Amino acid sequence: HMAANESIENILSDFRKSLQEDGGDIEFVDAVKGVVMVKLTRTTVPVTFSKFLREHKTREGIGCGKCRIPTSTIIKVLEAELKLKVPGITRVQVVK
């Protein structure tokens, strides 16, 4: 179980780098029965200049270049990445 948390933290730390460049942040809270809980700080950088979107090559849920990245887009990318690399992960949930 600890090993899974370690992989989750490693994946999240990669994520944090690009999110922090976009003025946001993400932190790992807990993982319970395949659900990864994270705290998310919204990014401030407009979509056009987003390092996160470039790095993760997604345009999902993006309506306009001047908007901020929707939280759901960040979570979808993270969820896909975690499911791929950590066995047993079913979803990512944002907690306050």
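In what follows, the structure referred to is the one given above.
The rules behind each value
- Residues numbered from 1 in each chain as written.
- Predicted model: local features only at pLDDT ≥ 70, side-chain atom pairs only at ≥ 80, totals over all residues.
- Heavy atoms only, no water.
- Phe/Tyr/Trp six-rings, centres within 6.5 Å; stacked < 30°, edge-to-face > 60°.
- Helix = DSSP H or I, 4+ residues; strand = E, 2+ residues; numbered from the N terminus.
- Buried < 20%, exposed > 50% of the residue type's maximum accessible area, 1.4 Å probe, protein only.
- Pairing = 2+ DSSP bridges.
- Salt bridge = Lys/Arg side-chain N within 4 Å of Asp/Glu carboxyl O.

**Some remarks on the packing of aromatic side chains**
Next, step 1: Counting across every chain of the model gives 1 aromatic pair.
Next, step 2: Ring centres 5.4 Å apart and planes at 65° place the aromatic pair Phe15 and Phe52 in the edge-to-face group. On the criterion of sequence distance, the pair formed by Phe15 in helix H1 (residues 2-21) and Phe52 in helix H2 (residues 51-56) is long-range, its members being 37 residues apart.
Next, step 3: Residue Phe52 is classed as buried on the basis of its relative accessible area of 0%.

**Quick word on the pairing of strand E1 (residues 25-32)**
Next, step 1: Judged from the 7 bridges that link them, E1 and strand E2 (residues 35-41) form a sheet pairing that is antiparallel. Its bridge partner being in E2, Asp25 is matched across the sheet by Thr41.
Next, step 2: Linking E1 back to E2 in an antiparallel pair, the connection comprises 2 residues, with Lys33 at a positive phi of about 50°.

**Some remarks on the pattern of salt bridges**
Next, step 1: For the structure on display, the rule yields 4 salt bridges.
Next, step 2: We note a salt bridge from Lys51 to Glu55, for which the minimum N-O separation is 2.9 Å. On the criterion of helical spacing, the pair formed by Lys51 and Glu55 is a turn pair, its members being 4 residues apart in helix H2.
Next, step 3: Using a relative accessible area of 25% as the deciding quantity, one classes Lys51 as partly exposed.
Next, step 4: Between Glu81 and Lys85 there is a salt bridge, and its shortest N-O distance comes to 3.1 Å. Residue Glu81 and its partner Lys85 are both found in helix H3 (residues 71-85); the two are separated by 4 residues, about one turn of the helix.
Next, step 5: Overall, Glu81 belongs to the partly exposed group, its relative accessible area being 24%.

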